[in-house]
Amino acid sequence: MLRMLMLIFFLTALTGCASMESRSPNNYQRNSFYSGTQQDYHCFFDSALCALDLPLSAVGDTLMTPFDGWYYYQTPDDDERENNKVTD
């Protein structure tokens, strides 16, 4: 039983948590609520590792929802960024 738990743990660790990957500075988007879960859902049938990571990403995304909401309301829209640029 312990071996099975260790195997599940290491396979889950190998999946690379989609919740954290989707929140990296290069991938993070303004309206990215449940982005890790969405990413796992899109690759669900391509890889069994995504299927293992899906429940963990759902929990991680739920815990990150307050931060995502804060980021959504504190980050200006692309249109606002364009209007606020200083033109020469």
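Residues numbered from 1 in each chain as written. Predicted model: local features only at pLDDT ≥ 70, side-chain atom pairs only at ≥ 80, totals over all residues. Heavy atoms only, no water.

Notes on the overall build of the protein chain
Next, step 1: Per the secondary structure count, the protein chain includes 5 helices and 0 strands.
Next, step 2: Beginning at the N terminus, the succession of helices and strands in the protein chain can be written as α-α-α-α-α.
Next, step 3: Burial statistics for the protein chain: of 88 residues in total, 24% are counted as buried.
Next, step 4: Excluding contacts between residues fewer than 6 apart, the proportion of contacts in the protein chain whose partners are at least 24 apart in sequence is 61%.
Next, step 5: Of the roughly 6900 Å² that the protein chain leaves accessible, carbon and sulfur atoms contribute 62%. (Helix = DSSP H or I, 4+ residues; strand = E, 2+ residues; numbered from the N terminus. Buried < 20%, exposed > 50% of the residue type's maximum accessible area, 1.4 Å probe, protein only. Contact = heavy atoms within 4.5 Å. Areas by Shrake-Rupley, 256 points an atom, 1.4 Å probe, with all protein chains shown as cover.)

Focus on helix α4 (residues 48-74)
Next, step 1: For α4, spanning 27 residues, the distance from its first C-alpha to its last is 36 Å, which sits close to the expected 39 Å at 1.5 Å a residue.
Next, step 2: At methionine 64, α4 is bent by approximately 50 degrees, the largest bend along its length, and proline proline 66 sits one to four residues beyond.
Next, step 3: Those residues of α4 lying buried are Cys50, Asp53, Ser57, Gly60, Asp61, Asp68 and Gly69.
Next, step 4: For α4, the secondary structure elements touched by its buried residues are α2 (18-21) and α3 (35-42). (Expected span 1.5 Å × (residues − 1). Bend = angle between axes of the 7 residues up to and from the residue.)

Remarks on the side chain of aspartate 61
Next, step 1: Mapped onto the fold, aspartate 61 is located in helix α4.
Next, step 2: Polar side-chain contacts of aspartate 61 include one of 2.7 Å to the backbone nitrogen of threonine 37.
Next, step 3: Discounting residues that sit within four places of it in the chain, aspartate 61 has contacts with Ser19, Arg23, Tyr34, Ser35, Gly36 and Thr37. (Polar contact = N/O pair within 3.5 Å; in protein donor to acceptor, adjacent residues only side chain to side chain.)

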